[in-house]
Amino acid sequence: MSFYNVIQVLNHAKLDGIFRDYAVMGGYAVNNYIEPTFTSDIDTLVLVASDADYTKIFAYFTQRGHKMVNLYVIIDDTQVQFFPSTISPLYESAVINAKTVEFKDTTTRIVTAEYLVALLLISYRPKDKIRIMELLKVVNEDSLWGVVRRYDSEQNPIFQRLKEILGR
């Protein structure tokens, strides 16, 4: 698996206008902030204007010889899953506020630790709770609470979940 090759392909797709921007989230992004753990795929948020623009992503990659397996595009033998910014304002904001990082001789965008915590509070699986606890050591607490308050909802009670994790 080559993270470098995947981000090269993602950067080309961005230059080709397939999406306005992207940011790596999930395990690869978490590994940017805390002790690395195994992850088998690259979860990527993509900034798109509509669901129709999102579906164009898959045509773009398959036309370039990349295979589709379930919800993944296979790039350099790596499963890449795309999450559109149209899912929620949190997803869109996570891409817009992602940080640019250097990787070898190129750049990529990584979701900030504060947004990663908010996203993990939505999925809220046992492994997400562990990652949240570790990420809490590196977040800006004021920024985190701002993101959590802004995107808390009845459907995604991330404020309450964060309080629960913190024992408050």
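It should be emphasised that the depicted structure is a prediction, and the values quoted were computed from it without experimental measurement.

Draft legend 1. Summary view of the packing of helix H5 (residues 113-123) against helix H8 (residues 158-166). Running from amino to carboxyl end, H5 crosses H8 at an angle of 95°, the nearest separation of the two axes being 9 Å. As judged from the angle between their axes, H5 and H8 are roughly perpendicular. Side by side, H5 and H8 meet where Ala118, Leu121 and Ile122 of the first sit next to Ile158, Arg161, Leu162 and Ile165 of the second. Class assignment for the residues of the contact of H5 with H8 results in six nonpolar, no polar and one charged.

Draft legend 2. Broad picture of unusual backbone geometry. The backbone of Asn70 sits at a positive phi, close to 55°, despite the residue not being glycine. In this structure, Asn70 sits in the loop between strand E3 (67-69) and strand E4 (72-75). A positive phi angle is found at Tyr124, which is not glycine, with a value near 55°. With respect to the helices and strands, the residue Tyr124 is situated in the loop between H5 and helix H6 (126-135).

Draft legend 3. Highlighting the side chain of Arg131. You can see Arg131 is positioned in helix H6. Comment: no salt bridge for buried Arg131; closest opposite-charge side chain is Asp128, at 4.6 Å. Leaving out residues up to four positions away in the same chain, Arg131 has contacts with Gly27, Val30, Ile34, Thr37, Phe38 and Leu120.

Draft legend 4. Main features of the nonpolar core. By size, the foremost hydrophobic cluster in this structure holds 59 residues, and its most contacted members are Phe19 and Phe82. Filtering out sequence-adjacent residues up to four positions away, Phe19 remains in contact with Leu10, Ala13, Lys14, Val46, Leu47, Val48, Ile57 and Phe82.

Draft legend 5. Molecular detail of helix H1 (residues 3-15). For H1, which comprises 13 residues, the first-to-last C-alpha distance of 18 Å matches the rise-based estimate of 18 Å (1.5 Å per residue) to within 8%. Taken together, the buried positions of H1 are occupied by Phe3, Tyr4, Val6, Ile7, Leu10, Asn11 and Ala13. Taken from the residues just after H1, Gly17 is the one with a positive phi, measuring 80°.

Draft legend 6. Representation of the pattern of salt bridges within the structure. In this structure the tally under the stated criterion is five salt bridges. Close ionic contact of Asp53 with Lys56 constitutes a salt bridge, the shortest N to O distance being 3.4 Å. Of this pair, Asp53 and Lys56 are both found in helix H3 (residues 51-63), three residues apart, which corresponds to roughly one turn of the helix. Taking relative accessible area as the criterion, Asp53 reaches 23% and is therefore assigned partly exposed. The salt bridge partner of Arg125 is Asp128, with a shortest N-O separation of 2.8 Å. Taking relative accessible area as the criterion, Arg125 reaches 40% and is therefore assigned partly exposed. One network of salt bridges, in which partners are shared, links Lys14, Asp21 and Arg109.

Rules of the game
- Residues numbered from 1 in each chain as written.
- Predicted model: local features only at pLDDT ≥ 70, side-chain atom pairs only at ≥ 80, totals over all residues.
- Heavy atoms only, no water.
- Axes fitted to C-alpha atoms, helices over the stretch in contact; angles between N-to-C directions.
- Helix = DSSP H or I, 4+ residues; strand = E, 2+ residues; numbered from the N terminus.
- Parallel < 35°, antiparallel > 145°, perpendicular 65-115°, else oblique.
- Contact = heavy atoms within 4.5 Å.
- Nonpolar A, V, L, I, M, F, W, Y, C, P; charged D, E, K, R; others polar.
- Buried < 20%, exposed > 50% of the residue type's maximum accessible area, 1.4 Å probe, protein only.
- Lys, Arg positive; Asp, Glu negative; His and termini not counted.
- Salt bridge = Lys/Arg side-chain N within 4 Å of Asp/Glu carboxyl O.
- Core = buried A, V, L, I, M, F, W, Y, C linked by side-chain atoms within 4.5 Å.
- Expected span 1.5 Å × (residues − 1).

Read these as spatial facts, not as claims about activity.
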